[in-house]
Amino acid sequence: IEGLPALSRLSASLRADAAAWRLMELRAGLAGGELQAALTVTREPGPRLALEGQASGLLLSGPLLGLPLDLSAGTLSGGARLRAEGATPAAWRASLAGEASLALRDAVLTGFDAPAAAAALGLAEPEALRAGLAAALAGGATPLARGEARLDLDAGLLRLAEARLLAEGGLALG
């Protein structure tokens, strides 16, 4: 798929019977790291999907999402356990549930200048404070030593359950 990193060393085991289709022991190299996953599709009592996967050591070499506030470098690891029901992609989206976790290290957050924001918060004059915070949110970059996030999904809705960021210089958010 254009714009996504290529998979390498792809291997998997496929098993199918009357009750289920299972893609097991999926392993691949991805963005300098490793990906492992398993997918099960069962037929009864209705179509159900279950996906469990882990990724480790994925290297970010450019903007992750292409958003004004984005991760542009670092090493990403994580895991997910997801499930959905139904026979169509719309039903899967509406019933998607599960949990995921992400860990980040040695990263760069672009679009936000944390040291400038911290300096602005120390300003006593309201207009200078506003201007300083606006400038910090208008660009720049913040080196991150590490970050962690836990996500919950229920009925197709994603909720950030917990997040922590530790920037260089001791700035901690979370």
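Report on the accompanying structure.

## A word on the side chain of Ser 13
So, step 1. Inspection of the secondary structure assignment puts Ser 13 in strand S1 (residues 7-16).
So, step 2. If we ignore the near neighbours within four places in the chain, the residues touching Ser 13 are Arg 22, Leu 23, Met 24 and Glu 25.

## A closer look at the side chain of Asp 152
So, step 1. Within the fold, Asp 152 resides in strand S7 (residues 141-154).
So, step 2. Owing to a relative accessible area of 19%, Asp 152 belongs among the buried residues under this scheme.
So, step 3. At 2.7 Å, the side chain of Asp 152 forms a polar contact with the side chain of Arg 159.
So, step 4. Non-local contacts of Asp 152, meaning those with residues more than four positions away in its chain, are made with Gly 98, Glu 99, Leu 157, Leu 158, Arg 159 and Ala 161.

## A short note on the pattern of salt bridges
Two side chains bearing opposite charge may form a pair once their charged atoms approach each other closely.
So, step 1. Enumeration over the complete set of coordinates arrives at eleven salt bridges.
So, step 2. For Arg 48, the salt bridge is made with Glu 85, and the minimal N-O distance between the two is 3.4 Å. Taken together, the residues Arg 48 in strand S4 (residues 48-60) and Glu 85 in strand S5 (residues 70-85) connect sequence positions 37 residues apart.
So, step 3. Residue Arg 164 is joined to Glu 162 by a salt bridge in which the shortest nitrogen-to-oxygen separation is 2.5 Å.

## Points about the packing of helix H2 (residues 114-121) against helix H3 (residues 126-137)
So, step 1. It is the contact of H2 with H3, at a shortest axis distance of 8 Å, that shows an interaxial angle of 170°. Of the possible angle classes, the one that applies to H2 and H3 is roughly antiparallel. Here H2 contributes Ala 116, Ala 117, Ala 120 and Leu 121 to the contact with H3, which in turn contributes Leu 129, Gly 132, Leu 133 and Ala 136.
So, step 2. Across the contact of H2 with H3, the residue classes break down as seven nonpolar, one polar and no charged.

## Side note on a nonpolar patch on the surface
So, step 1. On the surface, Leu 64, Leu 65 and Leu 67 cluster together into a nonpolar patch covering about 300 Å² of accessible area.
So, step 2. With respect to the element layout, Leu 64 can be found in the loop between S4 and S5.

## Describing the environment of Ala 134
So, step 1. If you trace the backbone, Ala 134 turns up in helix H3.
So, step 2. Judged by relative accessible area, which is 35%, Ala 134 ranks as partly exposed.
So, step 3. Sequence separation between Ala 134 and Ala 120 is 14 residues; the distance between their C-alpha atoms is 9.3 Å.

## Things to note about the nonpolar core
So, step 1. Membership of the largest hydrophobic core comes to 15 residues, with the highest contact counts inside it found for Leu 58, Leu 71, Leu 104, Leu 109, Phe 112 and Leu 144.
So, step 2. Of all the secondary-structure elements, those providing two or more residues to this core are S4, S5, strand S6 (97-110) and H2.
So, step 3. Among all residues touching Leu 104, those that are not within four sequence positions of it are Leu 60, Leu 71, Thr 75, Leu 76, Leu 144, Ala 145, Arg 146 and Gly 147.

Conventions and cut-offs
- Residues numbered from 1 in each chain as written.
- Predicted model: local features only at pLDDT ≥ 70, side-chain atom pairs only at ≥ 80, totals over all residues.
- Heavy atoms only, no water.
- Helix = DSSP H or I, 4+ residues; strand = E, 2+ residues; numbered from the N terminus.
- Contact = heavy atoms within 4.5 Å.
- Buried < 20%, exposed > 50% of the residue type's maximum accessible area, 1.4 Å probe, protein only.
- Polar contact = N/O pair within 3.5 Å; in protein donor to acceptor, adjacent residues only side chain to side chain.
- Salt bridge = Lys/Arg side-chain N within 4 Å of Asp/Glu carboxyl O.
- Axes fitted to C-alpha atoms, helices over the stretch in contact; angles between N-to-C directions.
- Parallel < 35°, antiparallel > 145°, perpendicular 65-115°, else oblique.
- Nonpolar A, V, L, I, M, F, W, Y, C, P; charged D, E, K, R; others polar.
- Patch = residues over 30% accessible without salt bridge, like charges linked within 9 Å, V, L, I, M, F, W, Y side chains within 5 Å.
- Areas by Shrake-Rupley, 256 points an atom, 1.4 Å probe, with all protein chains shown as cover.
- Core = buried A, V, L, I, M, F, W, Y, C linked by side-chain atoms within 4.5 Å.

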